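# Notes for the structure review
Here is how the chains run, residue by residue.
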Amino acid sequence: MSNEATPLQVPEAAMSKKRRPSMQGGPEASMSTTGPTIRRMSRLEQRMSFAAANRRMSHVSRLSSVSGVSIGIAGFKHQNKIANTYRMQPEKEERFNAAAAEKLIKSVLTRYLDGEKYDKMLCTSLSKNLSDVIKDRIKDQGFSPRYKYVCLVTMGQVKEQGMNIASRCLWSTETDNYASATFTKGDLFAVATLYALYFE
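Each chain carries its own residue numbering, running from 1 in the written order of its sequence. Thresholds applied to this predicted model are a pLDDT of at least 70 for local features of residues and 80 or more for the giving and counting of side-chain atom pairs; totals over whole chains, interfaces and linings are not thresholded and use all residues. Only hydrogens and water are set aside when side-chain values are computed; all heavy atoms of the structure are taken into account.

The subject of this paragraph is unusual backbone geometry. Not every positive phi belongs to a glycine, and E160 is a case in point at roughly 55°. Here E160 shows up in the loop between β1 (147-157) and β2 (177-185). Whether a residue is buried, partly exposed or exposed follows from its accessible area with a 1.4 Å probe, protein chains only, as a fraction of its type maximum: under 20%, in between, or over 50%, in that order. We classify E160 as exposed; its relative accessible area is 84%. Secondary structure elements are defined from DSSP: runs of H or I of at least 4 residues count as helices, runs of E of at least 2 residues count as strands, and each element is numbered from the N terminus.

The structure is reproduced here in structure tokens:
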């Protein structure tokens with residue numbers, strides 16, 4: 001008779017019964033989310049799920065979750081910027097010339113309004129179109145492309161009335177300026193004022 005101890009052989013079915021239910025694997029454990037067969041998450045998985053639950057949604061995520069449409073980076077337009085020249089003032093030949101601008105404005109008003117009569121609807125559309133024409137023509141005069149222009153055109157009927165047009169601006173007197181011209185013929189008058197602001 002041998003004195004060596006033989007290892008106990010326990011059936012596999014008995015081993016599976018002795019395992020803790022929370023540690024059991026298998027497809028049933030991975031599919032179930034409740035009950036004793038749920039699989040314990042590791043600490044790393046717990047941290048990841050906690051971070052995902054508390055993470056703030058980005059602006060794109062909020063838009064896509066609300067509207068149901070995914071918005072990518074391609075949907076955003078990139079604004080073109082003017083290269084920095086490190087100059088605070090325009091060159092002498094690129095500086096805005098008020099005298100030349102007044103001649104240009106006067107010629108535009110004369111060309112478009114000569115022979116016209118006052119009409120409320122006509123003057124409404126003409127004042128908008130004239131301001132666009134004056135801005136387009138002034139950009140072709142060779143001034144610095146860094147100038148921003150604001151053009152106001154006022155039109156009315158000549159009926160023995162008085163009218164004062166005034167403006168105040170906060171700008172740099174070294175680089176910014178304005179030009180103004182008037183037109184009067186028959187029962188129609190127009191006043192156009194162009195503001196040139198240097199942008200650096």
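Now that the structure has been shown, we can carry on.
This part takes up the side chain of S127. Inspection of the secondary structure assignment puts S127 in helix α6 (residues 120-139). When sequence neighbours within four positions are dropped, the list of residues in contact with S127 reads V153 and M155. Residues are treated as being in contact if the distance between any of their heavy atoms lies within 4.5 Å.

Assignment of secondary structure puts T182 in strand β2. Sequence separation between T182 and A192 is 10 residues, and the spatial gap between their C-alpha atoms is 6.4 Å. Sequence-distant contacts of T182, that is, excluding residues within four places in its chain, are made with K106, L109, A190 and V191.

As a further point, take the sheet that holds strand β3 (residues 188-198). Taken in spatial order, the 3 strands of this open sheet run β1-β3-β2, and their pairing is antiparallel. With one partner strand each, in any of the chains shown, β1 and β2 form the two edges of the open sheet. Mean inter-strand twist for the sheet, computed between neighbouring axes without regard to direction, equals 10°. Any two strands with at least two DSSP bridges between them are considered paired. Sheet analysis places β2 next to β3, joined by 9 bridges and oriented antiparallel. Looking at the pairing, A181 lines up with A192 of β3. Its contacts with the sheet put helix α5 (residues 98-113) on β1, β2 and β3, and the angle it makes with β2 is roughly 30°. Lines fitted to C-alpha atoms define the axes here, with helix axes fitted over just the stretch in contact, and angles between the N-to-C directions of these axes take values from 0 to 180 degrees.

On average, residues of the protein carry a pLDDT of 76, and 60% of them reach 70 or more. Across the protein, α5 holds the top mean pLDDT of 96, while helix α4 (residues 59-67) sits lowest at 44. In the model, residues 22-35 has pLDDT below 50 throughout and makes 15 contacts with residues more than four positions away in sequence or in other chains. In predicted models, pLDDT denotes the confidence assigned by the predictor to each residue on a 0 to 100 scale. Here residues 58-70 is a poorly scored stretch, pLDDT under 50, and it has 9 contacts once near neighbours within four places are set aside; other chains count.

All right, on to the packing of α5 against α6 then. Running from N to C, α5 and α6 cross one another at 140°; their axes reach a closest spacing of 10 Å. With respect to α6, the element α5 is oriented oblique. Relative to α6, the crossing made by α5 is right-handed. Counted together, A101, L104, I105, V108, L109, R111, Y112 and L113 of α5 and L126, L130, V133, I134, R137 and I138 of α6 form the full contact between these two elements. Gly falls in the polar group here, along with every residue not listed as nonpolar (Ala, Val, Leu, Ile, Met, Phe, Trp, Tyr, Cys, Pro) or charged (Asp, Glu, Lys, Arg). Of the residues in the contact of α5 with α6, the class split is 12 nonpolar, no polar and 2 charged. To sort the angles, those under 35 degrees are grouped as roughly parallel, those over 145 as roughly antiparallel, those from 65 to 115 as roughly perpendicular, and the leftovers as oblique. What makes a crossing left-handed is the near helix being turned counterclockwise from the far one by less than a right angle; a clockwise turn instead makes it right-handed.

Ring pairs (aromatic) are described by centroid distance and by the angle formed between their planes. By convention, a stacked pair of Phe, Tyr or Trp rings (six-membered ring in the case of Trp) has centres within 6.5 Å and planes under 30 degrees apart, an edge-to-face pair has planes over 60 apart, and any other such pair is tilted. Enumeration over the complete set of coordinates arrives at 7 aromatic pairs. Considering the side-chain rings of F96 and Y149, the 6.3 Å spacing of their centres and the 50° angle between planes classify their relative orientation as tilted. Of this pair, F96 sits in the loop between α4 and α5 while Y149 sits in strand β1; the two residues are 53 residues apart in sequence, bridging distant segments of the chain. Each member of the pair F96 and Y149 is classed as buried. Aromatic pair Y147 and Y198: ring centres 5.4 Å apart, planes at 70°, arrangement edge-to-face. With a gap of 51 residues between them, Y147 in strand β1 and Y198 in strand β3 connect regions that are remote in the sequence. For Y198, a relative accessible area of 12% corresponds to the buried category. A network of ring pairs unites the aromatic residues F96, F143, Y147, Y149 and Y198 as a single cluster. Only when the NZ atom of a Lys or the CZ atom of an Arg is both within 6 Å of the ring centre and within 35 degrees of the ring normal do we say a charge sits over the ring. A cation over an aromatic ring shows up here: K148 above the ring of F199, its NZ or CZ 5.4 Å from the ring centre.

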